[in-house]
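Each chain, written out:
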Amino acid sequence: MDEGLKNELQKQGVFTTTLEEIYNWGRRNSIWPLQFGLACCAIEMIATTMARYDLARFGAEVFRPSPRQADLMIVAGTVTKKMAPQVVRLYNQMAEPKYVIAMGACAISGGPFKQGYNVLKGIDRFIPVDVHIPGCPPRPEALIHAFMTLQRKIAEQELIGAAQPRHLNPDAPSEFPVPQYGEHDLQPPNNPKVWRAPALVR
Amino acid sequence: METLAQIKSRIEAAVPGATVQIISNDSPAAQNSLLVDRAHAVAVAQFLRDDAELKFDYCSNVTGVDWPQAELTEKIKIKKLVDGVEKEVEEVKKTIRPAYLEAVYHLYSMEKKHGPVILRMRTEDRAEKTHLPSLTPVWRSCEFQEREIFDLFGITFDGHPDLRRILMWEGYKDHPMRKDYVEPDDYEYEPTPHDEVLEKAKKHYPAAS
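These notes cover the structure that comes with them. Quantities reported herein were computed from a predicted structural model and do not represent experimental measurements. (Residues numbered from 1 in each chain as written. Chains lettered and ligands numbered in written order. Predicted model: local features only at pLDDT ≥ 70, side-chain atom pairs only at ≥ 80, totals over all residues. Heavy atoms only, no water.)

Turning our attention to the overall build of chain B. Counting its secondary structure elements, chain B contains four helices and nine strands. Each helix and strand of chain B, placed in order from N terminus to C terminus, yields the pattern α-β-β-α-β-β-β-β-β-β-α-β-α. Here the C-alpha radius of gyration of chain B, 22 Å, is well above what a compact globule of 209 residues would show, namely 17 Å. Taking the principal axes of its C-alpha atoms as reference, chain B extends roughly 70 × 65 × 35 Å. For chain B, buried positions account for 39% of its 209 residues. For chain B, contacts bridging at least 24 residues in sequence account for 55% of all contacts bridging at least 6. Carbon and sulfur atoms make up 51% of the accessible area of chain B, which totals about 12,100 Å². Averaged over its 29 positive side-chain charges, chain B has a centre that lies 3 Å from the centre of its 38 negative ones. (Helix = DSSP H or I, 4+ residues; strand = E, 2+ residues; numbered from the N terminus. Rg over C-alpha atoms; globule rule 2.2 N^0.38 Å. Buried < 20%, exposed > 50% of the residue type's maximum accessible area, 1.4 Å probe, protein only. Contact = heavy atoms within 4.5 Å. Areas by Shrake-Rupley, 256 points an atom, 1.4 Å probe, with all protein chains shown as cover. Lys, Arg positive; Asp, Glu negative; His and termini not counted. Charge placed at Lys NZ, Arg CZ, Asp CG, Glu CD.)

Okay, structure coming up:
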């Protein structure tokens, strides 16, 4: 719809919108996160939801204790190799559309434990991550910023066409393989469909 | 608190057959410790806990140490006849230290407000005979820490009520804190690699080096 005509109509008291806009507006203002934390980042996540930072302003005050009712997974903390299959399984149990925020140095890369034998070097090795937040731990403002970034991302999603989001494409996977406990490491150690080793470009 | 030598002689008097050895620590901390034999370790631990003078009622920390086989060189002065004259000559003596695993217990007394006394136990070797008696029946606080040693060093504690891996999963084969542990090769690019990480970086990103 023409922007000028839309403005003109609005002055006359007629509000026009598109289905896409109102659909995305509704979704981005009620993202319910999954209630789980893995380490110290979870404390910052809890602080974000409390009165001072008040995540409720963004429509995300309802932390759901069940993955079936959640839209967003905030991976807050160190993902150990022992915990990784459970995190992937929780993600698989969430209903589409679903989003992931990897919060903190550990969740995005392994952080200070990157060289450790028991820590996964970033949850993006197994599940697709929408927003990465650096920090150890990130301040509540950083989580709110990540949240607003995610909201912007949802607002820009197109309902039809080639740039459709994953949840509208019946052929796109909504479940990802759960890694198995191997004799020396997780099997497989990463999911090549969602992650590949960073290339060094010179 | 009594000195370590006094404690040692009291243990030997109280627990017949027990062999206790004082392991000296040459560092500035000078925290010497008691090495007890496997067969009498539980009796020695019970004595340390129940003795009216010592009352070590609290085990604060249990840890493991991996000692791979090593060749120790030591310089000793020997008097020798050189051309008919007696002289002091330095000689290098080489000894082979056998490989073993060690469990170290730090004991304190809450009642008497003294400690720590450090207790050590050694396994026969680090391949198959890696059994030690569990001291969990004596000090309950050893339970999780002995499980951790079982997980990361591979010492089996006989008499432990619930000996399972604690950090890694069931079915995991390695003992990551042993010195010969080889970790899975899953290096990921880092902007400023150094030391061992640099060696790995060269393997994965030859162009960067």
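Residues and elements named next belong to chain A. If you walk across this open sheet you meet the three strands as β1-β2-β3, and the pairing is parallel. Unpaired on one side and paired on the other, β1 (72-76) and β3 (131-133) mark the two borders of the sheet. Taken over all neighbouring pairs, the strand axes of this sheet differ in orientation by 15° on average, direction set aside. (Pairing = 2+ DSSP bridges. Axes fitted to C-alpha atoms, helices over the stretch in contact; angles between N-to-C directions.)

Summarising the element assignment, N118 of chain A is placed in the loop between α5 (104-109) and β3. Residue class for N118 of chain A comes out buried when judged on its relative accessible area of 15%. Once residues within four sequence positions are removed from consideration, N118 of chain A is found in contact with T80 and K81 of chain A together with L167 and M168 of chain B.

Residue and element names in this part refer to chain A. Along helix α4 (residues 84-93), the residues that are buried comprise A84, P85, V87, V88, Y91 and N92. Projected onto a plane normal to the axis of α4, the buried residues spread over an arc of 160° and lie on a single side. Elements that come into contact with the buried residues of α4 comprise β1, β2 (99-103), β4 (180-181) and β5 (186-187). (Arc of directions from axis to C-beta.)

On to empty space enclosed by the protein, then. Taken as a whole and assessed by the stated rule, the structure comprises two cavities of 30 Å³ or more. For the largest cavity, the calculated volume is near 80 Å³. The wall of the largest cavity is formed by 13 residues, among which Q115 and K121 of chain A together with E183, D186 and K200 of chain B lie closest to the centre. As for the second largest cavity, its lining consists of K81, V119, L120, K121, R125, D185, L186 and P189 of chain A together with D186 of chain B. Residue classes in the lining of the second largest cavity are distributed as four nonpolar, no polar and five charged. (1 Å grid on protein atoms, 1.4 Å probe; cavity = no way out; pocket = protein on both sides within 12 Å on 5 of 7 lines; lining within 4 Å. Points joined across faces, edges and corners; volume = space filled by probe spheres on them. Nonpolar A, V, L, I, M, F, W, Y, C, P; charged D, E, K, R; others polar.)

All names here are of chain B. Mapped onto the elements of the fold, D125 is located in the loop between β7 (114-122) and β8 (131-133). Residue class for D125 comes out partly exposed when judged on its relative accessible area of 25%. In sequence terms D125 and Y100 are 25 residues apart; their C-alpha atoms lie 4.3 Å from each other. With residues up to four places along the chain from it excluded, the contact list for D125 reads A99, Y100, L101 and T130. At 3.2 Å, the side chain of D125 forms a polar contact with the backbone nitrogen of A127. (Polar contact = N/O pair within 3.5 Å; in protein donor to acceptor, adjacent residues only side chain to side chain.)

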